[in-house]
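# Inside the fold
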Amino acid sequence: RARVEIQLPDRSILRFDQRTAFKMKTVFFDAQEASRDVKVEMAVGKSWANVRKIFGSKKTFEIASANAVAGVRDTIWRMNVAPDKSTLIRVYEGTVEVYNPFVKPEYKPEEEGFRVPREVKGPQEVPPPYREVTKEEWEQIVLTQMMQVVIPPVGKPEKPEVFSAEEDQKEEWVRWNQRRDKEIKP
């Protein structure tokens, strides 16, 4: 019945519930540059993050499960990873970007290695046909306040949806974290 609360140098808080297996992969802070790089891997269990806004050039804060990576800034959110490796992410404040850790951008290094810098064309207007992205399509990329997504162990994530604060309050882990967040607020 143990819990862990870690206060990071930027005053962000990271908590883990009992029976949670996690690894701190990267924990880097540079006060002079106002930057951070925090990457955590979570195999199973429950985490809660209260991430403070930072204005530096590098502001990475990610928690990864076997099938999802969630990246945040200035956000309160949680991630649950079930024994079957399904992942639940719920956002309380701010936004969280969720992406598949196995999808790699297409990158083909040039056969000759690095080339000499060269001038590139500036920005230009995109000619039709183009279309605006709908609110629903955007939410599939970014979760906002009081939204959740469930990522099954295999396959595509379920459609993001709003979750009920009343239903969420039934979980003791949620109530405990919200009390702790009120206690540490500056």
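Below: a short report on this structure.

So, about the packing of aromatic side chains. Going through the model one piece at a time under the given rule, you end up with four aromatic pairs. Between the aromatic rings of phenylalanine 16 and phenylalanine 22, the centroid separation amounts to 3.6 Å while the plane-to-plane angle is 5 degrees, which identifies the pairing as stacked. Looking at phenylalanine 22, the relative accessible area reads 29%, which means it is partly exposed. When the ring of tyrosine 92 is compared with that of phenylalanine 163, the centres are 5.5 Å apart and the planes differ by 75 degrees; the resulting orientation is edge-to-face. Note that tyrosine 92 is positioned in strand E7 (residues 87-99) and phenylalanine 163 in the loop between strand E10 (161-162) and helix H2 (165-168), a separation of 71 residues in sequence. Judged by relative accessible area, which is 5%, phenylalanine 163 ranks as buried. Among the aromatic residues, those joined into a cluster by ring pairs are Trp48, Tyr92 and Phe163. Sitting above the plane of the tryptophan 176 ring, arginine 3 keeps its charged end 4.6 Å from the centroid.

Generally, phi is negative for residues other than glycine and the peptide bonds are trans, each holding for most cases. Despite not being glycine, arginine 11 has its phi angle at roughly 75 degrees, a positive value. Following the sequence through the fold, arginine 11 ends up in the loop between strand E1 (4-7) and strand E2 (13-16). Assessed through its relative accessible area of 37%, arginine 11 is described here as partly exposed.

Rules and cut-offs
Residues numbered from 1 in each chain as written. Predicted model: local features only at pLDDT ≥ 70, side-chain atom pairs only at ≥ 80, totals over all residues. Heavy atoms only, no water. Phe/Tyr/Trp six-rings, centres within 6.5 Å; stacked < 30°, edge-to-face > 60°. Buried < 20%, exposed > 50% of the residue type's maximum accessible area, 1.4 Å probe, protein only. Helix = DSSP H or I, 4+ residues; strand = E, 2+ residues; numbered from the N terminus. Lys NZ or Arg CZ within 6 Å of the ring centre and 35° of its normal.

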